[in-house]
Amino acid sequence: MRLLDILLGRSKPAVPDLDRLFALPAAAVTLEAAAGFVPTGQGAVCFATVEGAAFEQTHREVRALLDADAERDGPPVELTEDGYGYSWLISRRSPDELPQLVNDLHAVNSSMEANGFGPQLLCSLAGFRDESGRGLALVYLYKRGTFYPFAPLPGERRDNALELEVRAALAGDLRVEEDLGRWFPVWGAPGM
């Protein structure tokens with residue numbers, strides 16, 4: 001950091017560490033034991049859409065890479081846009097294939113980063129459910145290099161108590177975002 005940055009109170013942004021995604025399978029074991037949530041086999045990467053041929057080429061390469069997986073069952077990788085104008089690349093696997101799902105999420109993030117589109121990456125998530133059907137996502141904030149739980153309830157409400165319970169349970173497995181103000185709701189996020 002430079003002296004002017006220190007005087008003005010600026011800080012260096014956290015460097016994304018995509019390898020932290022590989023901690024999700026171990027965290028899933030803890031999550032099941034502590035709160036009864038198991039993987040759904042669905043995950044997604046969210047990014048800001050950019051116009052241009054290079055961005056479109058990167059999309060095609062990522063989709064071709066993931067769709068080429070001969071072991072993938074079910075629908076191919078899907079690209080959707082939400083009501084806020086963000087793009088979501090959704091990957092679906094069998095619920096017992098969380099490591100493969102994490103590989104998919106990592107490949108999407110890495111490919112976009114390698115092609116110069118790292119600043120457009122927002123978050124990645126993996127979906128979980130419990131026996132009663134409650135949904136939960138573990139959200140990875142690309143620009144912070146941290147995770148947080150998101151537990152939606154009907155009517156665009158959140159189960160804050162569950163989110164805090166999951167944070168406490170996973171503190172030893174994942175780098176959990178400490179600033180609760182950065183635990184953004186991802187209403188209607190595909191992949192949950």
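As the structure is a prediction and not an experimental result, all values here were calculated from the model.

1. Section: helix α2 (residues 24-35)
Turning to step 1, where the next piece is worked out: Taking 1.5 Å per residue, 12 residues should reach 16 Å; α2 reaches 15 Å between its end C-alpha atoms and fits that length.
Turning to step 2, where the next piece is worked out: The complete set of buried residues in α2 reads Leu24, Ala27, Ala28, Leu31 and Ala35. For α2, the angular spread of the buried residues around the axis is 110°, confining them to a single face. Along α2, exposed side chains directed more than 90 degrees from the buried face belong to Val29 and Ala33.
Turning to step 3, where the next piece is worked out: Of the surrounding secondary structure, the elements contacted by the buried residues of α2 are β1 (38-48), α4 (98-114), β4 (121-129), β5 (135-141), β6 (146-150) and α5 (160-170).

2. Things to note about the pairing of β6
Turning to step 1, where the next piece is worked out: β6 sits mainly inside the fold: five of its five residues count as buried.
Turning to step 2, where the next piece is worked out: Burial along β6 is two-sided: Thr146, Tyr148 and Phe150 and Phe147 and Pro149, pointing in opposite directions, are all buried.
Turning to step 3, where the next piece is worked out: Sheet analysis places β5 next to β6, joined by five bridges and oriented antiparallel. Note that in β6 the partner of leucine 141 across the bridge is threonine 146.
Turning to step 4, where the next piece is worked out: Counting the residues between successive antiparallel strands, the hairpin from β5 to β6 contains four residues, one of them, glycine 145, with a positive phi of roughly 70°.

3. Regarding the nonpolar core
Turning to step 1, where the next piece is worked out: Among the nonpolar cores identified, the biggest contains 52 residues, and Leu31, Trp88 and Phe128 are the most heavily contacted of them.
Turning to step 2, where the next piece is worked out: If you tally residues by element for this core, the top one is α4, at seven residues.
Turning to step 3, where the next piece is worked out: Setting aside residues up to four positions removed in sequence, tryptophan 88 forms contacts with Ala44, Val45, Cys46, Glu78, Leu79, Thr80, Asp82, Cys123, Leu125, Val186, Ala189 and Pro190.

4. Quick word on the side chain of serine 87
Turning to step 1, where the next piece is worked out: Within the element layout of this structure, serine 87 appears in strand β3 (residues 86-92).
Turning to step 2, where the next piece is worked out: Look at serine 87 and you get buried, because its relative accessible area is 5%.
Turning to step 3, where the next piece is worked out: At a separation of 2.4 Å, a polar atom in the side chain of serine 87 contacts the side chain of threonine 49.
Turning to step 4, where the next piece is worked out: Once residues within four sequence positions are removed from consideration, serine 87 is found in contact with Val45, Cys46, Phe47, Thr49, Leu79, Thr80 and Glu81.

5. Comments concerning the sheet that holds β6
Turning to step 1, where the next piece is worked out: In spatial order, the strands read β2-β3-β1-β4-β5-β6; together these six strands make up an open sheet with antiparallel pairing. The open sheet terminates on both sides in strands that have one partner only, identified here as β2 (78-81) and β6. Strand-to-strand, the axes of this sheet are offset by a mean angle of 25°, without reference to chain direction.
Turning to step 2, where the next piece is worked out: Looking at chain direction, β1 and β3 are connected through seven bridges and run antiparallel. In the sheet register, glycine 43 faces β3, and the bridge partner there is serine 91.
Turning to step 3, where the next piece is worked out: Docked against the sheet, α4 engages β1, β3 and β4, running at close to 5° with respect to β1.

The rules we used
- Residues numbered from 1 in each chain as written.
- Predicted model: local features only at pLDDT ≥ 70, side-chain atom pairs only at ≥ 80, totals over all residues.
- Heavy atoms only, no water.
- Helix = DSSP H or I, 4+ residues; strand = E, 2+ residues; numbered from the N terminus.
- Expected span 1.5 Å × (residues − 1).
- Buried < 20%, exposed > 50% of the residue type's maximum accessible area, 1.4 Å probe, protein only.
- Arc of directions from axis to C-beta.
- Contact = heavy atoms within 4.5 Å.
- Pairing = 2+ DSSP bridges.
- Core = buried A, V, L, I, M, F, W, Y, C linked by side-chain atoms within 4.5 Å.
- Polar contact = N/O pair within 3.5 Å; in protein donor to acceptor, adjacent residues only side chain to side chain.
- Axes fitted to C-alpha atoms, helices over the stretch in contact; angles between N-to-C directions.

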